[in-house]
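So the chains spell out like this:
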Amino acid sequence: MVLFHGAVGWEMLTVANYKKNKPKTKFYIDSHQDFHNSGTFWLSKFFQYKIFNRFLIRKVRRYVDKFLYLSYESREFIVNMYGLNDNELEFYPLGGNIVNINNKKIYSENIRKKHNFSYDDILIVHSGKLEKAKKTKELIEAFKSIKSENLRLLIIGNIPNQEKDILEPLIASDNRILFLGWKSADELIQYLCAADLYFQPGTQSATMQNAICCGTPVALYPYKSHEPYVVGNGFFVTDVQSYINVFNIILSDNKILIEMSNRSYSIAKDLLDYKILASRLYY
């Protein structure tokens, strides 16, 4: 079995030739490209994708068992750019390691003890490289408008120089906000397990999948790619008022977060479990 990462490059021809000589070999090509991250300049869109890559795809497609798209937007891209058909495609999302409920409880207890949070506190985690497109400023402003002492906002990541003068005073102005800086992958998982809600109102990030694998509810911008991941386990948010609405909802009935947590686990098991995803490639 060969899984070729990214539907680009001359090497696809090499693998196709190998498959031609050894026809029992499974040959998959995955694609994470979409119109947000690829072909954003007309020159690359036309020459790199519409002509060069499309030529390569046409050469190899008869030998490919499936083209795997990582998101709905990736599907839209490869269909538009390469002219692929439905029977050549399969949804194959980025996966994750599901954290079992016992480990989730342990991580949550450890994080709450470390920061002296009570069990009545509702922990909201936001993470990433905190550029303008992450909407961190808008999230903080919405958070600050809610006066409940039970809400806590934990921000993980790094602040680019151009955003420091904006974000640092906002963070310092509210003692319910805790900026934790950059964390290792293992540490981030622990904070995601402790979170009552993972809030990602801006650009897309694989941390969203990790949060769901931790059984954590999510609040996400309604990109088409997010549609499979918000089904009874969170909220779609578009602007400051929608962030405020989410805060008010979870404060008025925090039991809803328990139900959403269970639903996140269900979605993780259905879509994101690495073991299940890997097994699909062999059968």
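What you see is a predicted model, and the numbers here were worked out from it, not measured in a lab.

### What to know about the pairing of strand 1 (residues 2-5)
Bridging between strand 1 and strand 2 (residues 27-31) involves four bridges; their strand directions are parallel. The residue of strand 2 that forms the bridge with Val 2 is Phe 27. Traced from strand 1 through helix 1 (residues 11-21) to strand 2, the parallel crossover comes out right-handed.

### As for the sheet that holds strand 2
Across the sheet, which stays open at both edges, the four strands sit in the order 1-2-3-4 with parallel pairing between neighbours. In this open sheet, the two strands that pair with only one neighbour each are strand 1 and strand 4 (89-91). Sheet twist, expressed as the average angle between the axes of neighbouring strands with direction ignored, equals 30°. The pairing of strand 3 (residues 66-69) with strand 4 spans three bridges and is classified as parallel. Bridging across to strand 4, Phe 67 finds its partner in Leu 89. Sheet strands touched by helix 1: strand 1 and strand 2. Its angle to strand 2, the strand with the most contacts, is close to 155°.

### Brief notes about helix 1
For helix 1, every residue scored as buried is listed here: Met 12, Val 15, Ala 16 and Lys 19. Down the axis of helix 1, the smallest arc covering the buried residues is 100°, so these residues share one side. Those residues of helix 1 that are exposed and angled more than 90 degrees off the buried face are Thr 14, Lys 20 and Asn 21.

### Thoughts on the packing of aromatic side chains
Where two aromatic rings form a pair, the distance of their centres and the angle of their planes describe that pair. This structure, assessed with the given rule, holds eight aromatic pairs. An angle of 90° between the planes, with centres 6.4 Å apart, marks the rings of Phe 77 and Tyr 82 as edge-to-face. There is no split in this pair, since Phe 77 and Tyr 82 are both buried. Between Phe 143 and Phe 247, the ring centres sit 6.0 Å apart and the planes meet at 90°, which makes this aromatic pair edge-to-face. Here Phe 247 lies in helix 9 (residues 240-252) and Phe 143 lies in helix 5 (residues 136-144), a separation of 104 residues in the sequence. Feature note: the residues Phe 143, Phe 199, Tyr 243 and Phe 247 constitute an aromatic cluster, connected by ring pairs.

### Side note on a nonpolar patch on the surface
Side chains of Met 1, Leu 3 and Tyr 282 sit close together on the surface and give an oily, nonpolar patch of about 310 Å² of accessible area. Along the chain, Met 1 turns up in the segment before strand 1.

### Examining the nonpolar core
Counting residues in hydrophobic clusters, the biggest one holds 49 residues, and the most contacted among them are Phe 27, Ile 29, Tyr 82 and Ile 212. With near-sequence residues (within four places) excluded, Tyr 82 lies in contact with Ala 7, Val 8, Gln 33, Tyr 49, Asn 53, Arg 54, Ile 57, Arg 61 and Phe 77. Of all hydrophobic cores here, the second largest spans 28 residues; its members include Leu 139, Leu 151, Ile 244 and Leu 257.

Conventions adopted
Residues numbered from 1 in each chain as written. Predicted model: local features only at pLDDT ≥ 70, side-chain atom pairs only at ≥ 80, totals over all residues. Heavy atoms only, no water. Pairing = 2+ DSSP bridges. Helix = DSSP H or I, 4+ residues; strand = E, 2+ residues; numbered from the N terminus. Right-handed = clockwise from strand over helix to strand, strands pointing away. Axes fitted to C-alpha atoms, helices over the stretch in contact; angles between N-to-C directions. Contact = heavy atoms within 4.5 Å. Buried < 20%, exposed > 50% of the residue type's maximum accessible area, 1.4 Å probe, protein only. Arc of directions from axis to C-beta. Phe/Tyr/Trp six-rings, centres within 6.5 Å; stacked < 30°, edge-to-face > 60°. Patch = residues over 30% accessible without salt bridge, like charges linked within 9 Å, V, L, I, M, F, W, Y side chains within 5 Å. Areas by Shrake-Rupley, 256 points an atom, 1.4 Å probe, with all protein chains shown as cover. Salt bridge = Lys/Arg side-chain N within 4 Å of Asp/Glu carboxyl O. Core = buried A, V, L, I, M, F, W, Y, C linked by side-chain atoms within 4.5 Å.

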